[in-house]
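Inside the fold
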Amino acid sequence: MTAPIKKLKVATTSLAGCFGCHMSFLDIDERLLDLVQLVEFDRSPLTDIKTCGPCDIGIIEGGLCNAENVHVLREFRANCTILIAMGACSVNGGLPAQRNHLSLPVILEEVYHAQHGLVDGFIPNDPELPLPLDKVHPIHEVVKVDYFIPGCPPSGDAIWKVLTDLLAGRQPELGHGLIHYD
Amino acid sequence: MSKANPPSFTLDGKTIPFGEGQTIIQAAMDAGVYIPHLCFNPEFKPHGSCKLCTVKADGRQTASCTQQAKDGMVVESDIKEINDERRALLQMLFVEGNHFCPSCEKSGNCQLQATAYELDMMSPHFDHFFPDRPLDASHPDYLLDFNRCILCSLCVRASRDVDGKNVFALSGRGIKSHLIVNAKSGHLADTDFSGDDKAAHVCPVGVILKKRVGFATPIGQRSFDEQPISATPHPVVKGA
Amino acid sequence: MVNQTNPHAAYLDPILARHRHNPADLLQILIAAQEAHGHIHTDAIDHLSAALDLPRAKIEGVAGFYSFLHLKPQGQYRVLFSDNITDRMLGNMELMNSLCSQLWVEAGKVSEDGLVSINTTSCTGMCDQGPALLVNNIAINRLTQERINAIAELIRERVPVSAWPAEFFAIEDNIRRRDILLDGHFQSGSALAALLQRGSDATLNEIKASKLRGRGGAGFSTGMKWEFCRNATGDAHYVVCNADEGEPGTFKDRVLLNGYADRVFEGMTLCARIIGAKQGFLYLRGEYRYLLEHLKAVLQHRRQQNLLGKGILGQADFDFDIEIHLGAGAYVCGEESALIESLEGKRGTPRNRPPFPVTHGYLNQPTVVNNVETFAATTLIAENGGAWYAGIGTETSSGTKILSVSGDCERPGLYEYPFGVTIAQVLADCGAHNTQAVQVSGASGVCLAPNEFQRRIAFDDIPTAGAFMVFDKTRDMFEVARNFIHFFAHESCGFCTPCRVGTSLLCNMMDKLAGGHGSPYDFAEIEKLNVLLQSTSHCGLGHSACNPVLDTIAKFRPAYDKRLAQKDFIPAFDLDRALSQARQMTGRDDTGAHLERNHEQS
């Protein structure tokens, strides 16, 4: 990547995540001001833009637990030159993937039928609702991912480091203290 | 090369003396030089299964924990080619089991995790196996979370060779290999396992965990928060 | 604690007594226990644990290692279809599916009434007469749809396997070309008589002079191996014959043990005299269980002839006997140190080497481990001298080699040639036409393309343990490699990380390509894994697991290219199928309830 002549376009989203990574993103604090000198945001919870246009960098929080997650991820992959997996759920499935040792029917039964206190429970079937996948997957199992920022969440400093490395055309490196999986 | 005693080899250019019968990693460790490893523990006979300690000795790749040191040997360890392979081996271990660090009490004191940090493992890379490995909470004082087992067999060796108990063993074959305990019920509570056993304290990952002491050390103060595993003298690991 | 009322004691106690309560015989005891009871019952483990003073976890660990041992009840009829590529080419999958549907059972499961279980197993060594299966560990070959129908009927009618038609169990030797070993008339004891006349040292010198090299494939000098072992100090020396012939496509040892067992045992006895061993073992792969009674009879006959036992041929200081140990479905036990672990009743995990078996083998004592064919060849050398033997074959590869020929040819079977024979010659002799490739030395061997058919079978050109599988131009070499990598994943012992995880990953990637979901990215991943397995694995299994893939990529690249149907990476799993459970649970089938697997990317 050569030095930017114009602002890079960045999109972000949260799939099967908790928005904790986005919170952590905001933890770069006053450096956000530096960042917005370099980038402009497309689709992101920060902008409330709902669809992703052509971007230089897409940042994905969260893994894939349902059909909608897959659609959004594909939209990002199709539009972003560089795709970054941000945070444990995106990198390895994280907390949502802890359901993977249970079969989906068992989970749906438990949640919507068997659970104590449910009266006339039924499994929601509104076409508006995305269907859950039988297993939760990290995003690299479904699309090609260019960079990963591990952590639950990654610290603001780690996110900042990766972004600034990329903006400067360097291979992102975290090193001791910044790389962590928890 | 010096002809004087003791015999020595070079490791990434540094001269490492070695004693009778020492393997490369043993001599390197004595000299304070880190070679990544998981199934090796200096208190036990080298095992050679994880292959993280792979080095190039005189141009040939070998596990440094089992390869006898030889006078004049040229060993390369901290080089890109080898570190790339080590990282791939770590990624294999991560996708083989279920390693969800945020929920693991061993996080911050885990050798698998710390070694992955050391080797800049940013992702598991491969597709996950997501195996189903129920945990065993039967014992009043200890918990077994098989999801994290990397089959290093240190607990097997410690129980058999140090404790004289055979609480642990490996069963299955290939990708279905797994840790079992010595009880008809299959439960740790029905074995003669005790918290005083050596086997209770050798797990390099988060399989064998003492109950009711989890997360006692605040994040930021755990072994590998403070310094990387390459700078941590083995096996002084908090919470181990 | 031995429980007097343990219902399993009745069949276990005689087995334990037969094995003198020796914990090193654990695997043999488990095999016998399963033959008696159908599976290894958890209460049986209680009894064995107490009687052998072994922790039950160790017993479970050993039982869990071997494919043919079961800790859970299996079908009364246990049917295992041999799944080598040659069986595949002969339609084994269609036959298995037919049997499954006729008996209402899913492959890999036990039928609900507990009557039958059906599954695949690694090559059973019947490639010249496949498709083959094992029923309760007994081989049935030349399967046809009619035979499968008959088997289904016999199982439904609960006819004991012992009462099935005898022709089902006929096994042909199919010897097509005989040379010094397969043609030679052998008088029991003649090689031993020659040894006694010449003396042990002089006979060892003849073996060295013969330049005989191990026939298992690695080709170590037999004379040197025996000499190292003889010179090693220990409480006892051991002779082990490796008849764990598991390399897919190899079946020569089966024929040698069927028709030439006397020679094999005599070769072991020569070795025993030279290295000073009193005990020998023949480690027989479980798939050849049907040969056990025959082999025991040959041993008994040799004892009667004073060729085994105490004071062999009247020599007061010459005591030697041979025990047969069975394997139980673990290819890795063909690796000599894993074989020794298995002989000691353990999981068949290859040891760290050095030390080598010649100094630290069975029970850590000096041990010679040689191939069946190697031992047989030593009798020829004892009889005829080393110079005679060295004069046959080539400079670096003396003597003859028996090839197990199978696949696309008119006359599959055994072919014995002096070393140096060209691939083309073998192909001509076996009646192979339009040959696209030959896989020499099994899955771990080398895949040769037509431009290499002038190469020779010899240690310095194409070394081989004996397998010679022929593929004509109608065959898909990608599928050949995929079959082999599945074999390796199934047979990986699981000890080291790269082989345990890497072979499974490689399988998944090959399956992804086979499903039409491969992209250049996946191809690059396969190539990276190949390198990693080769450079970091613990033993030869992992080192060679990627050979079939590497070879076929190098020589049959179009077979891969046509699999790389995708320009960009797509998932290995089917996203739409990943929604099917949810569709079923919600009753939805609207467009939003589906996902295209293949999605257009930038």
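Computed from a prediction, not measured in an experiment: that's the story for all the values here.

The rules behind these values
Residues numbered from 1 in each chain as written. Chains lettered and ligands numbered in written order. Predicted model: local features only at pLDDT ≥ 70, side-chain atom pairs only at ≥ 80, totals over all residues. Heavy atoms only, no water. Helix = DSSP H or I, 4+ residues; strand = E, 2+ residues; numbered from the N terminus. Rg over C-alpha atoms; globule rule 2.2 N^0.38 Å. Contact = heavy atoms within 4.5 Å. Areas by Shrake-Rupley, 256 points an atom, 1.4 Å probe, with all protein chains shown as cover. Lys, Arg positive; Asp, Glu negative; His and termini not counted. Charge placed at Lys NZ, Arg CZ, Asp CG, Glu CD. Domains from an automatic or database assignment. Buried area = accessible area lost by both parts, 1.4 Å probe. Salt bridge = Lys/Arg side-chain N within 4 Å of Asp/Glu carboxyl O. Nonpolar A, V, L, I, M, F, W, Y, C, P; charged D, E, K, R; others polar.

Assigned secondary structure in chain B consists of 5 helices and 9 strands. Reading the helices (α) and strands (β) of chain B from amino to carboxyl end gives β-β-α-β-β-β-α-α-β-α-β-β-β-α. Computed over its C-alpha atoms, the radius of gyration of chain B comes to 18 Å, within 12% of the 18 Å expected for a compact globule of 240 residues. Residue pairs at least 24 apart in sequence account for 62% of intrachain contacts in chain B once pairs closer than 6 positions are excluded. Taken as a whole, chain B presents about 9,700 Å² of accessible surface, with 51% of it coming from carbon and sulfur. Across chain B, the mean location of the 25 positive side-chain charges is 3 Å away from that of the 28 negative side-chain charges.

Another point: the domain arrangement of chain B. Residues and elements named next belong to chain B. Domains assigned within chain B are domain 1 (14-78) and domain 2 (83-220). Distance from the C-alpha centre of domain 1 to the C-alpha centre of domain 2: 24 Å. Between domain 1 and domain 2, the contact holds 21 residues from the first and 22 residues from the second. Both sides of the domain 1 and domain 2 interface together cover about 1,600 Å² of buried area, and 55% of this is carbon and sulfur. For the domain 1 face of the interface with domain 2, the top three residues by lost area are Leu 38, Phe 44 and Leu 52, together amounting to 43%. At the surface where domain 1 touches domain 2, the tally comes to 1 salt bridge.

Another point: the interface of chain B and chain C. Tallying the contact residues gives 35 residues for chain B and 44 residues for chain C. When chain B packs against chain C, close to 3,000 Å² is buried across both sides, 57% of that on carbon and sulfur atoms. If you sort the residues of chain B by the area they bury against chain C, Met 92, Arg 173 and Lys 184 of chain B come out on top, with a joint share of 26%. Summed over the shared surface of chain B and chain C, the number is 4 salt bridges. Glu 491 of chain C is paired through a salt bridge with Arg 173 of chain B; the nearest N and O atoms lie 3.2 Å apart. Elements represented by at least two residues in the side of chain B that touches chain C include exactly helix 2 (80-96), strand 7 (168-171) and strand 8 (178-181) of chain B. No other element matches helix 2 of chain B, which puts 6 residues into the side of chain B that touches chain C. Its residues assigned to classes, the side of chain B that touches chain C comprises 16 nonpolar, 13 polar and 6 charged.

Let us look at the interface of chain C and chain A. Accessible area lost on assembly of the parts is the figure often given for the size of an interface. On the chain A side, the residues contacting the 24 residues of chain C number 26 residues. Across the chain C to chain A interface the summed buried area is about 2,200 Å²; carbon plus sulfur atoms make up 67%. The interface formed by chain C and chain A contains 0 salt bridges. Per-class residue counts for the side of chain C that touches chain A are 12 nonpolar, 7 polar and 5 charged.

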